[in-house]
Structures are given as structure tokens and as C-alpha cells.
Amino acid sequence: MSPSRRSPAPDKACIEAVDLARSAAVEIGLPEWVGEHLSAYVEGDRVVTHLFACLDPAYSGWRYAVTVVRAARAKRVTVNEAVLLPGSDALLAPEWVPWKERLRPGDLGVGDLLPSADDDDRLKPGYAQVPDDELEEEGLDRQMVWELGLGRPRVLSEAGRESAAQRWHDGEGGPRSAIAAAAPAPCSTCGFLTPLAGEFRQMFGVCANEYAPDDGRVVSLDHGCGAHSEASQRSAPAEAPLRPVVDELGYDHIVFDDTSELELVSADS
């Protein structure tokens, strides 16, 4: 078993060098920014760090840390370093994030460039390996760079297609938007839908209705809006024609003064 590590013994001269440490803190700040002495921490043999409160309003909760040392068999204490360190309640800047991770949709403006990394998993080479000579076992693709007749060095990978499909389906052009919920029919039955090519054709198309809110945008087949090609105009229900009212329950009591005509009618019958 290895012997236990010995704790450094506090050096009296270094611990008492508060004024020396304060003067070093004033040099990296201002006299009015160096507050009260907070504590002294023993770093090692004849090495002590003094902490002072920071009164700078821009560094609330920070502390001036001044480390003093004394050489072996020396009487004079010297300053090793003086820095400004955050405390437990210090105001800190947010964690640095690379610019590629800070970008959000819509951040790219006119004249801005957004290069794609060589190892972008959304892309893959858009060519087939074609040897220069049939006799060569290894050849370079110097004849063409193509994919289905399109001269693009890179095309979407499977990960890129899945990411785009998920983003489009969950967005405003998907089935969960408010306008799709109120649509009379889905886009799959609309004559203004232009299907995409490739695997995207199974789920997405482009709206070609100039009066639709999604004109020129990618929409899912189960999306929809009120500008559907087969939507019929909603008209008010026609009123039923008036029918004559016939009272079949009531009757009128008629009294004839001359009953001779009634006798003639009864005799003829």
C-alpha cells in the first residue's frame, strides 16, 4: 500500500501576507473594486492563495485570487499570480457553441456563405467508381461526376433524406397544421399537387396553386387546405317551397234561409 499523502503545512508568513496580496489585486483591477479579504487557501508547502471580494458591478459574484509563495529558507514572500475567478453565485457567460451548431433556419442572408463539411452525414458522393483503364485494378473516377445525369459532386444520403422528410412532415406543410385539419380533402387528391422525384415522391409534393398558402412549397400527401382542386363552393341550403295550409280538423256552420234548393239536390240524388 502506498503511504498517505501528507497535507501541506500552513506557512505563517504566506498567510499573513494579506496586504501584499491586496496590492497585487489592485494592480489587475481598481482600488475601489477590491473588497474585503474572504479567506486564505493553502495550496502547498509555502504556497497560499488569498481571496478578495470583487466589487466590480460587471463581475458580480467573482473574486480576486492572489497566490503568494515563499522560497525555502527565505524570509521574503512574493506574488506568484493574480487572477479573477468566478464564485459559486457568479454571473458567467453561456457555454461556447460552435457556429455550425448556432445556426438556425432563416439565419442565412443575401451574400452569406454556408460551406458544407466534407464529413457531413447528410451528403454522400454522387458518382460511381469508374477505372481509367479496364486493365487497371484500381482507377480514379476522372471521366464523370454524375448521379442519374445530374452533374452534382454530392447528393443526399439516407440520413439526409430521413432528416428532411421528418422536418417537412412535422412542419407547417404536414398533416398536423391547423389549415390541414380544416381542409376538405388531402393534397394526395388535389390536381395542383406536383409529386417530387425519387423516394420523396411517396410522401411529398409541391403545391402549384397560386391561391393556396403553400404555393411553391413542399407539402405532404396528407396535408391539405381550402384551395383543393375538387373543393365545392359552400352554398346556403335552399328554402322549401311554401305549401298551402288546409284545415282538416275545423268546420264552418252554414245556415240557409231558403231550403228549397237543398230539397231539389236531395231529390236528384
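Residues numbered from 1 in each chain as written. Predicted model: local features only at pLDDT ≥ 70, side-chain atom pairs only at ≥ 80, totals over all residues. Heavy atoms only, no water.

K.L.:
I keep staring at the nonpolar core and nothing clicks. Help me out?
P.N.:
For soluble globular proteins, nonpolar side chains are generally found buried alongside one another. Formed by 15 residues in total, the largest nonpolar core has its most connected members in Phe 52, Tyr 64, Val 66 and Val 68. Secondary-structure elements contributing two or more residues to this core are helix H2 (18-28), strand S2 (47-54) and strand S3 (62-70). Considering every element that reaches this core, the biggest residue donor is S3, with 4 residues. Excluding its chain neighbours within four sequence positions, the residues that come into contact with Tyr 64 are Ala 25, Ile 28, Gly 29, Trp 33, Val 34, His 50, Leu 51, Phe 52, Ala 53, Cys 54, Val 83 and Leu 84. (Core = buried A, V, L, I, M, F, W, Y, C linked by side-chain atoms within 4.5 Å. Buried < 20%, exposed > 50% of the residue type's maximum accessible area, 1.4 Å probe, protein only. Helix = DSSP H or I, 4+ residues; strand = E, 2+ residues; numbered from the N terminus. Contact = heavy atoms within 4.5 Å.)

K.L.:
For this particular structure, what's the right way to read the environment of Val 42?
P.N.:
With respect to the helices and strands, Val 42 occurs in strand S1 (residues 34-44). With a relative accessible area of 21%, Val 42 lands in the partly exposed category. A sequence separation of 35 residues divides Val 42 from Ser 7, and the C-alpha atoms of the two residues are 9.5 Å apart. Beyond its immediate stretch of four places on either side in the chain, Val 42 contacts Pro 8, Ala 9, Pro 10, Val 47 and Val 48.

K.L.:
Just checking my understanding: could you explain helix H4 (residues 158-170) for this structure?
P.N.:
Three- or four-residue spacings in an α-helix give side chains the same orientation, since the helix completes a turn every 3.6 residues. Over its 13 residues, H4 runs 18 Å from end to end, which matches the ideal 18 Å to within 8%, given 1.5 Å per residue. Listed as buried for H4 are Gly 160, Ala 164, Ala 165 and His 169. End-on view of H4: buried residues confined to an arc of 150°, all on one side of the axis. (Expected span 1.5 Å × (residues − 1). Arc of directions from axis to C-beta.)

K.L.:
What's the story with H2 in this structure? I'm lost.
P.N.:
Along H2, the residues that are buried comprise Ala 21, Ala 24 and Ala 25. Along the axis of H2, the buried positions cluster into a sector of 100°, meaning they face one direction only. In H2, those exposed residues whose orientation departs by more than 90 degrees from the buried face are Asp 19 and Glu 27. Packed against the buried residues of H2 are S1, S2, S3 and strand S4 (77-86).

K.L.:
Explain the pairing of S4 here, please?
P.N.:
Side chains on a regular strand alternate between the two faces of the sheet. Bridge analysis of S3 against S4 gives 9 bridges, and the strand direction is antiparallel. Each bridged residue has a counterpart across the sheet, and for Arg 70 the counterpart in S4 is Val 77. Taking the residues that link successive antiparallel strands as the turn, the S3-S4 hairpin has 6 residues, and the phi of Arg 73 there is positive, at about 60°. (Pairing = 2+ DSSP bridges.)

K.L.:
Even after reading the chapter, I still don't get the side chain of Asp 120, so can you show me in this structure?
P.N.:
Within the secondary structure, Asp 120 is located in the loop between helix H3 (99-102) and strand S5 (123-125). Residue Asp 120 is classed as buried on the basis of its relative accessible area of 13%. Polar contacts involving the side chain of Asp 120 include one to the side chain of Arg 122, which spans 2.7 Å. (Polar contact = N/O pair within 3.5 Å; in protein donor to acceptor, adjacent residues only side chain to side chain.)

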